[in-house]
Amino acid sequence: MIHPAPGPPPSPHVWISESHARHVHAACGSTGRLFAVVSVALAAATVVLGLRLPIAYHFFGPVVWIIGGASALNVLYAALGLSGVRSYIQGGYLDVNGARRTRRLLAAMWVTSIVFSSFACLLLLATVAAEADNPRHPDVRFTVGVWAYLCLLASPPVLTGVLFFVGRRLLVPAPPAVRQDSAVTPTGFTAYPPPPPQRQVWISAARAHEVRVACGRLGTVLLTAGVLPAPAIVLIGGRLPPIYPALGSLSWTFAAFGVVQVFVAATVLRGGRRYVTGEHLDVDGALTTRKSLGVVWGLGLGSAVISGAGLSLGLSLSGGPAEQVVHHPVLVGAVLSLMATPALLTGVAYFVGRRLFTPPAPAG
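Just so we're clear, the structure is a prediction, and the values are computed from it rather than from any experiment. (Residues numbered from 1 in each chain as written. Predicted model: local features only at pLDDT ≥ 70, side-chain atom pairs only at ≥ 80, totals over all residues. Heavy atoms only, no water.)

When helices and strands are counted, the protein chain shows 10 helices and eight strands. Every one of the 364 residues in the protein chain was classed for burial, and the buried ones make up 43%. Just so you have it, the protein chain exposes about 18500 Å², and 70% of that area is on carbon and sulfur atoms. (Helix = DSSP H or I, 4+ residues; strand = E, 2+ residues; numbered from the N terminus. Buried < 20%, exposed > 50% of the residue type's maximum accessible area, 1.4 Å probe, protein only. Areas by Shrake-Rupley, 256 points an atom, 1.4 Å probe, with all protein chains shown as cover.)

Turning our attention to the packing of aromatic side chains. Tallying each qualifying case throughout the model produces six aromatic pairs. Seen in terms of ring centroids, Trp-110 and Phe-165 are 5.4 Å apart; in terms of plane orientation they differ by 70°. Their pairing is edge-to-face. Of the two residues, Trp-110 is situated in helix α3 (residues 96-131) and Phe-165 in helix α4 (residues 144-170); the sequence distance between them amounts to 55 residues. By relative accessible area, which is 24% here, Trp-110 ends up partly exposed. Judged by its relative accessible area of 42%, Phe-165 is partly exposed. Considering the side-chain rings of Trp-297 and Phe-351, the 5.2 Å spacing of their centres and the 65° angle between planes classify their relative orientation as edge-to-face. (Phe/Tyr/Trp six-rings, centres within 6.5 Å; stacked < 30°, edge-to-face > 60°.)

Right, let's get into the packing of helix α1 (residues 18-50) against α4. Closest axis-to-axis distance for the α1/α4 pair is 11 Å, and the angle between their directions is 170°. Taken together, the axis directions place α1 and α4 in an arrangement best described as roughly antiparallel. (Axes fitted to C-alpha atoms, helices over the stretch in contact; angles between N-to-C directions. Parallel < 35°, antiparallel > 145°, perpendicular 65-115°, else oblique.)

Turning to α4, a few remarks are in order. With 27 residues, α4 ought to run about 39 Å at 1.5 Å a step, and its terminal C-alpha atoms sit 39 Å apart, in line with that. For α4, the principal kink sits at Ala-154 and spans about 35°; a proline, Pro-156, occurs within the next four residues. (Expected span 1.5 Å × (residues − 1). Bend = angle between axes of the 7 residues up to and from the residue.)

Here we come to the pattern of salt bridges. Under the defined criterion, the tally for this structure stands at two salt bridges. Among the salt bridges present, the one from Arg-207 reaches Glu-210, with a minimum N-O distance of 3.2 Å. Separated by three residues within a single helix, Arg-207 and Glu-210 lie in helix α5 (residues 205-227), roughly one turn from each other. Here Arg-355 ties to Glu-210 by a salt bridge, and the two come within 3.1 Å at their closest N and O atoms. (Salt bridge = Lys/Arg side-chain N within 4 Å of Asp/Glu carboxyl O.)

It is worth spelling out the nonpolar core at this point. Judged by nonpolar contacts, the single largest core of 68 residues is most densely connected at Leu-124, Tyr-149, Leu-163, Leu-222, Leu-269 and Phe-357. Contributions of two or more residues to this core are made by α1, α2 (60-83), α3, α4, α5, α7 (245-271), α8 (283-316) and α10 (329-356). Among the elements that take part in this core, α2 stands out by supplying 10 residues, more than any other. Trp-252, Ala-255, Leu-311 and Met-339 belong to the second largest nonpolar core, which has five residues in total. (Core = buried A, V, L, I, M, F, W, Y, C linked by side-chain atoms within 4.5 Å.)

With that settled, consider the environment of Ala-265. Tracing the chain through its elements places Ala-265 in helix α7. Look at Ala-265 and you get buried, because its relative accessible area is 1%. Sequence spacing of Ala-265 and Tyr-350 is 85 residues, and the spatial spacing of their C-alpha atoms is 8.1 Å. Contact partners of Ala-265, with chain neighbours within four places excluded, come to Leu-222, Leu-293, Val-296, Thr-346 and Ala-349. (Contact = heavy atoms within 4.5 Å.)

Glancing now at the sheet that holds strand β6 (residues 200-202). Strand order in this open sheet of three strands is β6-β8-β7, and the pairing throughout is antiparallel. Lying at the two open borders of the sheet, with one neighbouring strand each, are β6 and β7 (276-277). Across two bridges, β7 lies against strand β8 (residues 280-282) in antiparallel orientation. The residue bridging Thr-277 from the neighbouring strand is His-280, located in β8. (Pairing = 2+ DSSP bridges.)

This part is about the state of the cysteines. What the rule picks out here adds up to zero disulfides. No disulfide involves Cys-121; its sulfur sits 8.5 Å from the nearest other cysteine sulfur, which is in Cys-151. (Disulfide = S-S within 2.5 Å.)

Moving on, we come to the sheet that holds strand β3 (residues 93-95). If you walk across this open sheet you meet the three strands as β1-β3-β2, and the pairing is antiparallel. With one partner strand each, in any of the chains shown, β1 (13-15) and β2 (89-90) form the two edges of the open sheet. The sheet contact formed by β1 and β3 spans three bridges and is antiparallel. Counterpart to Val-14 in the pairing with β3 is Leu-94. Each of β1 and β3 is contacted by α3, which is oriented at about 55° to β3, the strand it contacts most.

With their axes 9 Å apart at the nearest point, α3 and α4 run at an angle of 170° to one another. Classified by the interaxial angle, the pair formed by α3 and α4 is roughly antiparallel.

Here the focus is the environment of Ala-27. In this structure, Ala-27 sits in helix α1. Residue Ala-27 is classed as buried on the basis of its relative accessible area of 15%. Ala-27 sits 143 residues away from Leu-170 along the chain, and the two C-alpha atoms are 8.3 Å apart.

Time to look at the confidence of the model for the protein chain. Per-chain confidence: the protein chain averages 77 in pLDDT, with 75% of residues scoring 70 or above. Looking at the elements of the protein chain, mean pLDDT is at its lowest for helix α9 (residues 322-326), recorded as 45, and at its highest for α4, recorded as 90. Per-residue pLDDT stays below 50 along residues 176-189; that stretch engages in 22 contacts with residues further than four places along the chain or on separate chains. Ignoring residues within four places in sequence, the model shows residues 321-327, a span with pLDDT below 50, making four contacts including any to other chains. (pLDDT = per-residue confidence, 0-100.)

Okay, here's the thing in C-alpha cells:
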C-alpha cells in the first residue's frame, strides 16, 4: 500500500501585531549594532591594555588577555544573534522557532562569557599575587591599573546579560489578544492577516535521516577536534625562538580566534538539524545554515593566514640569530600546521553543510 508523503509541519508564525513587530525589529537592530561596536572596542582594549600589564612578561600574561578577548567575542556573537532576529519578523508575525533559538543563543553566550571572564580574572589575581613578592619584578603589585583591567575582564558577562534579558523581553510572544490591526468577523471571531508562507520542500526519509546523523556526528567531531589545537599551540609555541612581541601577540590572538570558529561551526551544524522536520526541509533555515558556515569558514581562513604570517614575520624580526629558526624547523612547521587547523576544519564543515543543506532540484 502506498502512503502519501506527509504534509509540511504547521506554521511556526505567531501574530504579535504590526506595531509590536516594528518595535521588535527596530529594538533588536539598534541594540545589536550598538553592542557589536562595543564588543569590538572591548576586545581591542583587552588585548592592547593586556600587553601593558605588569605581568606581561609572565607565561600567564598572554593567556589572561587571550581568554579575555575570547570572552568579548561572546558579546559580538550575542549582538549579531539579536540583530539577526529581524529575519524572523514578517508583517505582524514572529517566527517562534527562530525566536526560541535566538534566546538559547543569548543564554549560551552569557554562560560562556561568565566562564571565560571568571577564569581570566582568577588567573590575573593569582598571577599578580604570586609575583608580588618577586624582587626581580618590583612593579608587579595590585595597582589601580590592575584593578581597572580586572573590571574590563568582568564586563563581557554584564553586556551579554543585558542582551539576554533584552532578547527575552522582546522575543517572548504576547498572549493572543484582539489588537487594533486585527478585525472582527460577523460571527464574532477575531481575524488576523494570513501568516507568511512557510517554504518547505519534501525530502526522502533516508535523506532526512542522513542530514540529522551527519550534522550530529560531524558537529561532535569538530567540538572534540577544536579542543586539541589550543593547548598544543601553547605547549609547542613556548619552545620556539624569541618572537617579535607585537607580531607574536597578533599571531596568538588570531590563532585563538580561529579555534573559536571551530566551535561556532560545530554549533551551527548541530543546530541545523532543527530545520529537518519529518520529511521536510526548511528552505530558509537551510540557506541560513549555508551562509553561516560560509562566514565561519572565511573567518577561520583569515585567522589562519594572519596568525601564520604574524608568526613567520615575528620570528624573522625578533633580532635573534637566524640559526635559531633554522634549528627549529619541526617546531615552527608544527605550530604553523596547528594554526592552519581551524581553516581546515571550518572548510570541511562548510562543504559538508553545503552538500547536506542544498534543497533538491524540483522534478520536471
